[in-house]
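These are the residues of each chain, in order.
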Amino acid sequence: MDANTLSIISSAVVFLGVVAAIVTIIYNVRTAKKTQTANFLFESRQDAQYLESLHVLKQVHRSGKSFRAYVFPCNGGAITEDEMLERRKFQYILNFYERVAVSIREGIYNEKMIKRTSYNTVIETFDIAEPLIKAIREHINSDTTYQEFEWLVKRWKANPLKKNK
């Protein structure tokens, strides 16, 4: 073989090595993201504060009590101790989903995995809490509060989870 052929073969081998390295890195990143997501899903199902907060949010919703009353008490009164505890639970669940949405948007979590396991809960939680979110935004004069959670819900509603065939 002449030097020119060896140079071409050497360049091709180096190129294939670079391609293999890139493919390996992409594969490892995707696998790490799925592993991170699986860990998150498992841990969130064990999170007693998450489960209790979700339960309290749904319980207050079923009671018919206005979520606005937690931000704007009736007749200028004060929020009771029990209402303050409930409000902290609402904040926990809203902050939880805000972090999930940010993590999805930033590519930390695998959106498909979370959507397949939590679609109904995420949509229902936002739909229940939307009046509370609007009241909080109004109270603190901020349109960006829980905007990532809202972004995720709008995104999923625009492309609903489909039934497996």
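No experiment lies behind these values; they were computed from the predicted model shown.

Asker: With reference to specific residues and values, describe the nonpolar core.
Answerer: Counting residues in each nonpolar core, the largest one holds 36 residues, and the members touching the most others are Phe67, Phe90, Leu94, Ile114, Phe149 and Trp156. Those elements that place two or more of their residues in this core are helix H1 (3–46), helix H2 (48–63), helix H3 (81–105), helix H4 (111–140) and helix H5 (147–158). Among the elements that take part in this core, H4 stands out by supplying 11 residues, more than any other. Look past the residues within four positions of Ile114 in its chain and what remains in contact with it is Thr37, Phe40, Leu41, Val100, Ile104, Tyr109, Tyr119 and Trp156.

Asker: Hey, could you go over a positive patch on the surface for me, with residue numbers and the actual values?
Answerer: A cluster of like positive charges, contributed by Arg30, Lys34, Lys112 and Arg116, occupies part of the molecular surface. For the positive patch, the secondary structure elements donating two or more residues are H1 and H4. For Arg30, a relative accessible area of 59% gives the class exposed.

Asker: So what about the packing of H2 against H3? Which residues, and what values?
Answerer: The contact between H2 and H3 brings their axes to 8 Å, and the two run at 115 degrees. For H2 against H3, the interelement crossing comes out left-handed. Judged by residue contacts, Gln49, Tyr50, Glu52, Ser53, Leu54, Val56, Leu57 and Val60 of H2 engage Glu86, Lys89, Phe90, Tyr92, Ile93, Phe96 and Tyr97 from H3. When grouped by side-chain class, the residues that make up the contact of H2 with H3 number 10 nonpolar, two polar and three charged.

Asker: Tell me about the pattern of salt bridges, residues and numbers included.
Answerer: On inspection of all chains with the given rule, the structure shows 10 salt bridges. Close ionic contact of Glu138 with Arg68 constitutes a salt bridge, the shortest N to O distance being 3.0 Å. Of this pair, Glu138 sits in helix H4 while Arg68 is found in the loop between H2 and H3, placing the two residues 70 residues apart along the sequence. Overall, the relative accessible area of 34% leaves Arg68 in the partly exposed class. Across the pair Arg137 and Glu150 runs a salt bridge, and its minimum N-O distance is 2.9 Å. Here Glu150 lies in helix H5 and Arg137 lies in helix H4, a separation of 13 residues in the sequence. There is no split in this pair, since Arg137 and Glu150 are both buried. Here the salt bridges share partners, and the residues they tie into one network are Arg137, Glu150 and Lys154.

Parameters and conventions
Residues numbered from 1 in each chain as written. Predicted model: local features only at pLDDT ≥ 70, side-chain atom pairs only at ≥ 80, totals over all residues. Heavy atoms only, no water. Core = buried A, V, L, I, M, F, W, Y, C linked by side-chain atoms within 4.5 Å. Buried < 20%, exposed > 50% of the residue type's maximum accessible area, 1.4 Å probe, protein only. Helix = DSSP H or I, 4+ residues; strand = E, 2+ residues; numbered from the N terminus. Contact = heavy atoms within 4.5 Å. Patch = residues over 30% accessible without salt bridge, like charges linked within 9 Å, V, L, I, M, F, W, Y side chains within 5 Å. Areas by Shrake-Rupley, 256 points an atom, 1.4 Å probe, with all protein chains shown as cover. Salt bridge = Lys/Arg side-chain N within 4 Å of Asp/Glu carboxyl O. Lys, Arg positive; Asp, Glu negative; His and termini not counted. Charge placed at Lys NZ, Arg CZ, Asp CG, Glu CD. Axes fitted to C-alpha atoms, helices over the stretch in contact; angles between N-to-C directions. Left-handed = near helix turned anticlockwise from the far one by under 90°. Nonpolar A, V, L, I, M, F, W, Y, C, P; charged D, E, K, R; others polar.

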